Amino acid sequence: MRELLAVDNVTAGYGAAVVLEDVTLSLAEGDSLALLGRNGVGKTTLLVTLMGLTRLHRGSLQFAGANLAALSTYARARAGIGWVPQERYMWPSLTIEEHLTSVARPGRWTLAKIYEIFPRLEERRGNFGNQLSGGEQQMLAIARALVVNPRLLLLDEPMEGLAPIIVQDLMKVIRGLVAEGGMAMVIVEQHAKLALSLTRNAIVLDRGRIVHRSPSEALLEDPQTLHRLVAVA
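Residues numbered from 1 in each chain as written. Predicted model: local features only at pLDDT ≥ 70, side-chain atom pairs only at ≥ 80, totals over all residues. Heavy atoms only, no water.

Trainee: A description of helix α7 (residues 164–180) should follow, citing residues and the corresponding values.
Mentor: One turn of the α-helix equals 3.6 residues, which is why residues spaced by three or four share an orientation. When the terminal C-alpha atoms of α7 are compared, their 24 Å separation across 17 residues agrees well with the 24 Å that a helix rising 1.5 Å per residue should span. On its buried side, α7 packs onto β3 (32–36), α4 (111–117), α6 (134–146), β7 (152–156), β8 (184–188) and α8 (192–198). Backbone geometry just after α7 places G181 at a positive phi near 70 degrees. (Helix = DSSP H or I, 4+ residues; strand = E, 2+ residues; numbered from the N terminus. Expected span 1.5 Å × (residues − 1). Contact = heavy atoms within 4.5 Å.)

Trainee: Describe the side chain of R88, and please don't skip the residues or the numbers.
Mentor: Following the sequence through the fold, R88 ends up in the loop between β6 (81–84) and α3 (96–101). Despite its burial, R88 pairs with no opposite charge, the nearest such side chain being E160 at 6.1 Å. At 3.2 Å, the side chain of R88 and the backbone oxygen of E160 are in polar contact. Setting aside residues up to four positions removed in sequence, R88 forms contacts with G134, Q137, Q138, A141, R144, E160 and L162. (Buried < 20%, exposed > 50% of the residue type's maximum accessible area, 1.4 Å probe, protein only. Lys, Arg positive; Asp, Glu negative; His and termini not counted. Salt bridge = Lys/Arg side-chain N within 4 Å of Asp/Glu carboxyl O. Polar contact = N/O pair within 3.5 Å; in protein donor to acceptor, adjacent residues only side chain to side chain.)

Trainee: Tell me about the environment of R209, and name the residues and values.
Mentor: One can find R209 in strand β10 (residues 209–215). R209 sits 187 residues away from D22 along the chain, and the two C-alpha atoms are 6.7 Å apart. Look past the residues within four positions of R209 in its chain and what remains in contact with it is E21, D22 and V204.

Trainee: So what's going on with the nonpolar core? Residues and values would help.
Mentor: Counting 35 residues, the largest nonpolar core has I114, F118, L121 and L153 as the members making the most contacts within it. Within the residue set of this core, elements represented by two or more residues are α3, α4, α6, β7, α7, β8 and α8. Filtering out sequence-adjacent residues up to four positions away, L121 remains in contact with I96, I114, Y115, E136, M139, L140 and A143. If you look at the next biggest cluster of nonpolar residues, it comprises 27 residues, including V23, L25, L35 and M51. (Core = buried A, V, L, I, M, F, W, Y, C linked by side-chain atoms within 4.5 Å.)

Right, here's the structure in full:
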């Protein structure tokens, strides 16, 4: 598969504070990556660095052969990066349908296709962002990223705080997206086994550095190593 994303010796953080140190990774077209680690080790910081929301101290970011670091957050979205932030960021004054149509770009992910995989959103398409349950907000956050028709989808804690039945529904959707292989995906998730079950490869961060790389299946089948890397001491 052709390389889509290349992160090379990236050190980044917030202002003068460094969170990520010498991070190097690559992601091919259509590939999927679980980004794991304990709380506060830099997982979200890596995602927001890809979106241009941190200070890049050194290193390079390449996306589809172009210099990602030179682009604004808006331009990164237009270049093909979809982001589902942990906070979801619903617009209270917009309906579900307005959330989607206001950012949609041409491609296979149309409003009709979104409603096909998220029928609940179609049922409530006239409801405003502040009238949705947590599960509905998360469905909408993922749908809003998909209608940008990205080549890379970044998911930050997509299952956090959701009822088990909603988690199962979202896992089915994400598993389907991975299986289609139409876009690459990076999933940050505290539930490591869940993330590993959805992805092909895994990286574990500790104190801002990559301390483990392997196929997701291999790490899932090695519970001792997984516990050592991600369990809270």
